[in-house]
Amino acid sequence: MYNPFFGFDADPFRVNPDPRFLYMSEGHAEALATLVYAVQERKGFITMTGEVGTGKTTILNAFLARLEPTVQTAFIFNTAIEVEDLFATLLDELELAPVEPFRKSAALSRLNGYLIDRLERGLQTLLIVDEAQNLSETLLEEIRMLSNLETPKSKLLQIMLVGQPELGEKLARPQLRQLRQRVELHHSIKPLNAQETACYLRERQLVAGHPRGDVFAAAAERSLYRFSRGIPRVINVLADNSLIVAFSRQSTRVSAQMVEDA
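In this text the structure is predicted, and so the values were computed from the model without any measurement. (Residues numbered from 1 in each chain as written. Predicted model: local features only at pLDDT ≥ 70, side-chain atom pairs only at ≥ 80, totals over all residues. Heavy atoms only, no water.)

1. What to know about the overall build of the protein chain
For the record, the criterion: For helices the rule is a DSSP run of H or I covering at least 4 residues; for strands it is a run of E covering at least 2, with both sets numbered from the N terminus onward. Buried, partly exposed and exposed residues are distinguished by accessible area as a fraction of the type maximum, computed with a 1.4 Å probe on protein chains only: under 20%, between the cut-offs, and over 50%, respectively. Should any heavy atoms of two residues lie within 4.5 Å, those residues are considered in contact. Using a 1.4 Å probe, the Shrake-Rupley method yields the accessible areas, and only the shown protein chains count as cover for residues. In this tally, Lys and Arg are treated as positive and Asp and Glu as negative; His is ignored, and so are the chain termini. Where a charge lies is defined by one atom per residue type: Lys uses NZ, Arg uses CZ, Asp uses CG and Glu uses CD.
In terms of regular secondary structure, the protein chain is built from twelve helices and five strands. Out of the 262 residues belonging to the protein chain, those deemed buried represent 48%. The contacts in the protein chain between residues at least 6 apart in sequence include a share of 74% that link residues at least 24 apart. Counting every atom, the protein chain has about 12800 Å² of accessible surface; 49% of that belongs to carbon and sulfur. Here the protein chain holds 29 positive side-chain charges and 33 negative ones, and the gap between their average locations is 3 Å.

2. What to know about the nonpolar core
Selection rule: By convention a nonpolar core is built from buried Ala, Val, Leu, Ile, Met, Phe, Trp, Tyr and Cys residues, the set being connected through side-chain atoms within 4.5 Å.
In terms of nonpolar packing, the biggest core is built from 33 residues, with Leu111, Leu127, Leu135, Ile143, Leu146, Ile159 and Leu161 touching the most fellow members. Taken together, the elements giving at least two residues each to this core come down to strand S2 (71-76), helix H4 (83-93), helix H5 (104-120), strand S3 (124-129), helix H6 (137-146), strand S4 (158-163) and helix H7 (166-171). Counting residues per element, this core draws most heavily on H5, at five residues. Discounting residues that sit within four places of it in the chain, Leu146 has contacts with Phe87, Leu90, Leu108, Leu111, Leu127, Leu157 and Ile159.

3. Focus: the pattern of salt bridges
What counts is decided by this rule: Any Lys or Arg side-chain nitrogen found within 4 Å of a carboxyl oxygen on Asp or Glu counts as a salt bridge.
Inspection of every chain in the model, using the stated rule, returns ten salt bridges. Residues Arg121 and Asp117 are paired through a salt bridge, measuring 3.0 Å at the closest nitrogen-oxygen approach.

4. Section: the pairing of strand S1 (residues 45-50)
Operational definition: Here, any two strands with at least 2 DSSP bridges between them count as paired.
Counting buried residues along S1, six of its six residues qualify, which places the element largely inside the surrounding structure. Going residue by residue along S1, you find Phe45, Thr47 and Thr49 tucked away on one face and Ile46, Met48 and Gly50 tucked away on the opposite face as well. The pairing of S1 with S4 spans five bridges and is parallel. The residue of S4 that forms the bridge with Thr49 is Gly163. Pairing analysis gives five bridges linking S1 to strand S5 (residues 185-189), with the strands arranged parallel.

5. Let's talk about the environment of Ser136
Tracing the backbone shows Ser136 in the loop between S3 and H6. Residue Ser136 is classed as partly exposed on the basis of its relative accessible area, which comes to 35%. Counting along the chain gives 83 residues from Ser136 to Ala219, while the straight-line C-alpha distance between them is 45 Å.

6. Some remarks on the packing of helix H9 (residues 194-207) against helix H11 (residues 232-248)
Condition: Fitted lines through C-alpha atoms give the axes, limited to the stretch in contact for helices. The angle between two N-to-C directions lies from 0 to 180 degrees. Oblique is the label for any angle not under 35 degrees, not over 145, and not in the 65 to 115 range, which are roughly parallel, roughly antiparallel and roughly perpendicular in turn. Each crossing is labelled by how the near helix is turned from the far one, with a counterclockwise turn of less than a right angle marking it left-handed and a clockwise turn marking it right-handed. Ten residues, namely Ala, Val, Leu, Ile, Met, Phe, Trp, Tyr, Cys and Pro, are considered nonpolar, four, namely Asp, Glu, Lys and Arg, are considered charged, and the remaining ones, Gly among them, are considered polar.
Direction vectors running N to C along H9 and H11 enclose 55°, while the axes themselves pass 11 Å from each other. Between H9 and H11, the crossing angle belongs to the class labelled oblique. Remark: the crossing between H9 and H11 carries right-handed chirality. On the side of H9, the interface is formed by Thr197, Tyr200, Leu201 and Arg204, while H11 contributes Pro232, Ile235, Asn236 and Ala239. By residue class, the composition of the contact of H9 with H11 is five nonpolar, two polar and one charged.

7. A closer look at the packing of aromatic side chains
We count it as follows: Note on ring pairs: Phe, Tyr and Trp rings are taken, using the six-membered ring of Trp, and paired if centres are within 6.5 Å. Classes follow the plane angle, with under 30 degrees stacked, over 60 edge-to-face and the rest tilted.
According to the stated counting rule, one finds seven aromatic pairs in the structure shown. With centroids separated by 5.8 Å and ring planes inclined at 75°, the aromatic side chains of Tyr2 and Phe6 adopt a geometry described as edge-to-face. Measuring from centroid to centroid gives 5.0 Å for Phe5 and Phe6, while their planes differ by 85°, and the two rings are edge-to-face. Following the ring pairs from residue to residue traces out a cluster consisting of Tyr2, Phe5, Phe6, Phe8 and Phe247.

8. Examining the sheet that holds S2
Across a sheet, paired strands are connected by hydrogen bonds in the backbone, their directions being either parallel or antiparallel. Pairing is parallel in the open sheet, where five strands are placed in the order S2-S3-S4-S1-S5. The open sheet terminates on both sides in strands that have one partner only, identified here as S2 and S5. Neighbour-to-neighbour, the strand axes of the sheet open up by a mean angle of 15°, direction not taken into account. For S2 and S3, the ladder comprises six bridges, and the chain directions are parallel. If you follow Thr73 over to S3, its bridge partner there is Leu126.

The structure is reproduced here in structure tokens:
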């Protein structure tokens, strides 16, 4: 609605995780580098945590775009599942025939044979579980057992758990210490600071086609940081609403008061 008025050729603050708009703050760059390094070095167990809206999914999409064709991924995003669902989804993601009727031993045997064949051909297999903080302790234990699939020299399946800070709290439970000890790399994504928030706002405007990226006044940028606490998703929602306020008043600049009103 407001794009032509401000000089944008795309929505600058759409909340969907578009890698084009990935702002590489120091924390985000470190997170992405950590994930890429973990796969390249064939680390067995990796975790990444961050508050809601801090950009975990956007980083994941950027990470997936950087993977070599030799890496096959199985992506599980529905974590409100049972053990049978876990294996059925994993086999389906790897394009393997289901085990019917289900027997865990048969599913593990089929998976193990497939992973060994890939390893012998120099290929990697990566399981990514998003929203992993919702996994039950039973499912976390099953995932730990999957990490036991290995040869004397290499893990057959790399596992990445991605979730909110509650995932770290869950892994800290005494009954999950065996899983916690398997984690070789962990990264926690932090919200943006005030300077990063200002850079984030400007970069998204530039990517969206604005010639200068300066629709928001400096005071408006500070107000956006104060209200959003540096969480990118909240920044996007508030910035979008602030642009609507400015457009309704036919102002080509967003003031701090307009952010307050939004």
